[in-house]
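Structural characterization, general
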Amino acid sequence: MSLGPLVLALFPSSRGLEITWSSVVKIGQSLYREGPGKDPFRPDQKTPIKNFFLAGSYTKQDYIDSMEGATLSGRQASAYICDAGEELVALQKKLAAIESHQQLETSSSSDELSLV
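Rules behind the numbers
Residues numbered from 1 in each chain as written. Predicted model: local features only at pLDDT ≥ 70, side-chain atom pairs only at ≥ 80, totals over all residues. Heavy atoms only, no water. Helix = DSSP H or I, 4+ residues; strand = E, 2+ residues; numbered from the N terminus. Buried < 20%, exposed > 50% of the residue type's maximum accessible area, 1.4 Å probe, protein only. Contact = heavy atoms within 4.5 Å. Areas by Shrake-Rupley, 256 points an atom, 1.4 Å probe, with all protein chains shown as cover. Patch = residues over 30% accessible without salt bridge, like charges linked within 9 Å, V, L, I, M, F, W, Y side chains within 5 Å. Salt bridge = Lys/Arg side-chain N within 4 Å of Asp/Glu carboxyl O. Polar contact = N/O pair within 3.5 Å; in protein donor to acceptor, adjacent residues only side chain to side chain.

Per an unreviewed UniProt entry, the protein goes by the name Zeta-carotene desaturase, chloroplastic/chromoplastic and belongs to Gossypium australe.

Put into structure tokens, the structure is as follows:
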């Protein structure tokens, strides 16, 4: 069995390979049936715990429990993680400015006692 043209276009390194075995798995009950009113109980990707995020098809997103939902959830979680990183960089800059300001104060008044 040979690979299709789409696979070859997407994965050029697969040229010259042949499939030796394949199987299609179909599960009739692969998605859960969500009852009415349950969506508010699904957790968001951003939790009340600082720098703790969730991702998965069970979290709050537009699709029911599926691969698409898991993918969307991962993208949403990564956006929150990037935002948290930007906050961390801003905090590091602020702390560096405070430390720099404190060093200037201590160097200009070496006679004074300072607590750090």
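1. Overview of the overall build of the protein
The helix and strand tally for the protein stands at two helices and zero strands. Scored against the burial criterion, the 116 residues of the protein give a buried share of 13%. Summarising the internal contacts of the protein: among those between residues at least 6 apart in sequence, 23% fall at separations of at least 24. For the protein, the accessible area works out to roughly 10000 Å², and carbon and sulfur atoms hold 60% of it.

2. Here's the deal with the environment of Thr59
With respect to the helices and strands, the residue Thr59 is situated in the loop between helix H1 (5–10) and helix H2 (67–108). When the C-alpha positions of Thr59 and Leu72 are compared, they lie 9.8 Å apart, and in sequence the two are 13 residues distant. Excluding residues that lie within four positions of it along the chain, Thr59 makes contacts with Arg42, Pro43, Gln45, Leu54 and Ser73.

3. A closer look at a nonpolar patch on the surface
Nonpolar side chains collect at one region of the surface, where Leu6, Val7, Leu10 and Phe11 lie side by side and expose about 420 Å² of accessible area between them. Among the structural elements, Leu6 can be located in helix H1. In this structure Leu6 comes out as exposed when scored by relative accessible area, which is 60%.

4. A closer look at the pattern of salt bridges
Side chains that differ in sign of charge can pair as their charged atoms come close. On inspection of all chains with the given rule, the structure shows one salt bridge. Note that Asp39 and Arg42 form a salt bridge whose closest N and O atoms lie 3.2 Å from each other. Residue classification places Asp39 among the partly exposed positions, given a relative accessible area of 32%.

5. Looking at the environment of Gln61
Tracing the backbone through its elements, the reader meets Gln61 in the loop between H1 and H2. For the pair Gln61 and Thr71, spaced ten residues apart in the sequence, the C-alpha separation amounts to 9.8 Å. Apart from residues no more than four positions distant in its own chain, Gln61 is found in contact with Arg42, Gln45, Gly56, Gly69, Leu72, Ser73 and Gln76. Of the polar contacts made by the side chain of Gln61, one reaches the backbone oxygen of Ser57; its length is 2.9 Å. From its side chain, Gln61 meets the backbone nitrogen of Tyr63 in a polar contact 2.7 Å long.

6. Remarks on the side chain of Ser73
Note on placement: Ser73 falls in helix H2. Residue class for Ser73 comes out buried when judged on its relative accessible area of 0%. One polar contact links Ser73 to Gln45, side chain to side chain, over a distance of 3.2 Å.

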